[in-house]
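Okay, here's what each chain looks like letter by letter:
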Amino acid sequence: MKETIKTLLKDLRHFFRWGIYASIVGIVIGFVGIAFVKALHMVNDFRTDNPMIIWGLPIAGVIIVTLYKVCNYENDGGTNLVISTIHEKSTIPFRMAPLIFISTLLTHMFGGSAGREGAALQLGGSIGNQFGRWFKLKDSDIRTIVMCGMSAAFAAIFGTPMAAVIFAMEVNSVGIMYYSAFVPCVISALTASSIANTFGVHA
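Criteria and thresholds
- Throughout, residues of each chain are indexed from 1 in the direction in which the sequence is written.
- Two thresholds apply to this predicted model, a pLDDT of at least 70 for residue-level local features and 80 or more for giving and counting side-chain atom pairs, whereas whole-chain, interface and lining totals are computed over all residues.
- Calculation of side-chain values draws on the structure's entire complement of heavy atoms; hydrogens and water are dropped beforehand.
- Within this scheme, the nonpolar core is defined by two criteria: the residues are buried Ala, Val, Leu, Ile, Met, Phe, Trp, Tyr or Cys, and they are joined through side-chain atoms within 4.5 Å.
- Throughout this description, buried means an accessible area under 20% of the type-specific maximum (1.4 Å probe, protein chains only), exposed means over 50%, and partly exposed covers the range between.
- Labels follow the DSSP assignment, with helices taken as runs of H or I lasting at least four residues and strands as runs of E lasting at least two, numbered in each case from the N terminus.
- In what follows, a contact means two residues having at least one pair of non-hydrogen atoms within 4.5 Å.
- A helix's residues, less one, multiplied by 1.5 Å, set its expected span.
- Between the rings of Phe, Tyr and Trp (Trp by its six-membered ring), a pair exists once the centres lie within 6.5 Å; its type follows the angle of the planes, with under 30 degrees stacked, over 60 edge-to-face, and the other angles tilted.
- Note on definitions: angles span 0 to 180 degrees between N-to-C directions of axes, and those axes are lines fitted to C-alpha atoms, for helices only across the stretch in contact.
- If an angle is under 35 degrees, it is roughly parallel; if it is over 145, roughly antiparallel; if it lies from 65 to 115, roughly perpendicular; otherwise it is oblique.
- All amino acids are sorted into three groups, where Ala, Val, Leu, Ile, Met, Phe, Trp, Tyr, Cys and Pro are nonpolar, Asp, Glu, Lys and Arg are charged, and the leftover types, Gly among them, are polar.
- Note: crossing handedness is left-handed where the near helix turns anticlockwise from the far helix by less than a right angle, and right-handed where it turns clockwise.

(A) How the structure looks around the nonpolar core. Within the largest apolar cluster, 57 residues are counted, with the highest numbers of intra-cluster contacts made by F36, I145 and C185. When residues of this core are assigned to their parent elements, the largest contribution, 13 residues, is made by helix α6 (residues 139-158). Not counting chain neighbours up to four residues away, the residues in contact with C185 comprise M147, C148, S151, V165 and M169.

Next comes the structure, spelled out in structure tokens:
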């Protein structure tokens, strides 16, 4: 009986600990997602009102390349780096988040071809990975918190929390899911989505 109670208490501590971690990640990335979506709307409206700005696309490209060089991040692994981190084979530098944020906005402003999916994945993964370092998590737990970040970013930007959870859990190996990350990812995604909805960012 004592062993059962001890195991139960240990599981409850684990649950509440991850509930707190996932909520913090969801809150922070929820606000990052709001800023990202609103900024995208602004630059897209600006491009629509000023169609000739597309001639400045090469300049935007030079600015983006320069930013990556200044930040010493020329060998950008992008989405592959995020997936590699889930496999515990690499680590995501935190500077990826602002670089992706700025470069995506510049690309959209000048009419370049860029979606929000890869940006959401890299934003969420980068911020989640940084929280893992701040929380001093072990490598296996870093994988979970990176998936929490990805779920939160997708949920905030696209307004589909459960789809975001399934995507984050399956993106690195189609058909294979990390079920241990399910509850933390759900908490992160629902938190981020609720914050985004509260501030007028809807699906």
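After that view, the rundown keeps rolling.
(B) A look at the environment of M52. Positionally, M52 belongs in the loop between α1 (2-49) and α2 (57-70). Relative accessible area serves as the criterion here: at 61%, M52 is assigned to the exposed category. Spatially, the C-alpha atoms of M52 and F110 are 8.9 Å apart, while their sequence positions differ by 58 residues.

(C) Looking closely at helix α5 (residues 117-134). Here α5 is 18 residues long and its end C-alpha atoms lie 26 Å apart, about the 26 Å a rise of 1.5 Å per residue gives. α5 sits mainly inside the fold: 14 of its 18 residues count as buried.

(D) Spotlight on the environment of I145. In this structure, I145 sits in helix α6. A relative accessible area of 0% places I145 in the buried class. As for I145 and R133, which are separated by twelve residues in sequence, their C-alpha atoms are 10.0 Å apart. What I145 contacts, discounting residues up to four positions off in sequence, is W18, Y21, V25, G128, F131, G132, F135 and L137.

(E) Highlighting the packing of aromatic side chains. All told, the structure shown has nine aromatic pairs when counted by the stated rule. A centroid spacing of 5.4 Å and a plane angle of 65 degrees characterise the contact between F31 and F199, whose relative ring orientation is edge-to-face. Taken together, the residues F31 in helix α1 and F199 in the segment after α8 (182-198) connect sequence positions 168 residues apart. Among the aromatic residues, those joined into a ring-pair cluster are W18, Y21, F131, W134 and F135.

(F) Region of interest: the packing of α2 against helix α4 (residues 96-109). Across the interface, α2 lies against α4 with an axial gap of 10 Å and an inter-helix angle of 175 degrees. Here α2 is positioned roughly antiparallel relative to α4, judged by the angle of their axes. The residues of α4 that touch α2, namely those facing A60, I63, I64, L67 and Y68, are L99, I100, I102, S103, L106 and T107. Partitioning the contact of α2 with α4 into residue classes produces nine nonpolar, two polar and no charged.

(G) Representation of the packing of α4 against α5 in the model. Remark: α4 packs on α5, axes separated minimally by 8 Å, with the N-to-C direction vectors making an angle of 155 degrees. With respect to α5, the axis of α4 lies roughly antiparallel. Between α4 and α5 lies a crossing whose hand is left-handed. In this structure, α4 uses M96, A97, I100, F101 and T104 to contact α5, whose residues at the interface are A119, Q122, L123, S126 and I127. Of the residues in the contact of α4 with α5, the class split is seven nonpolar, three polar and no charged.

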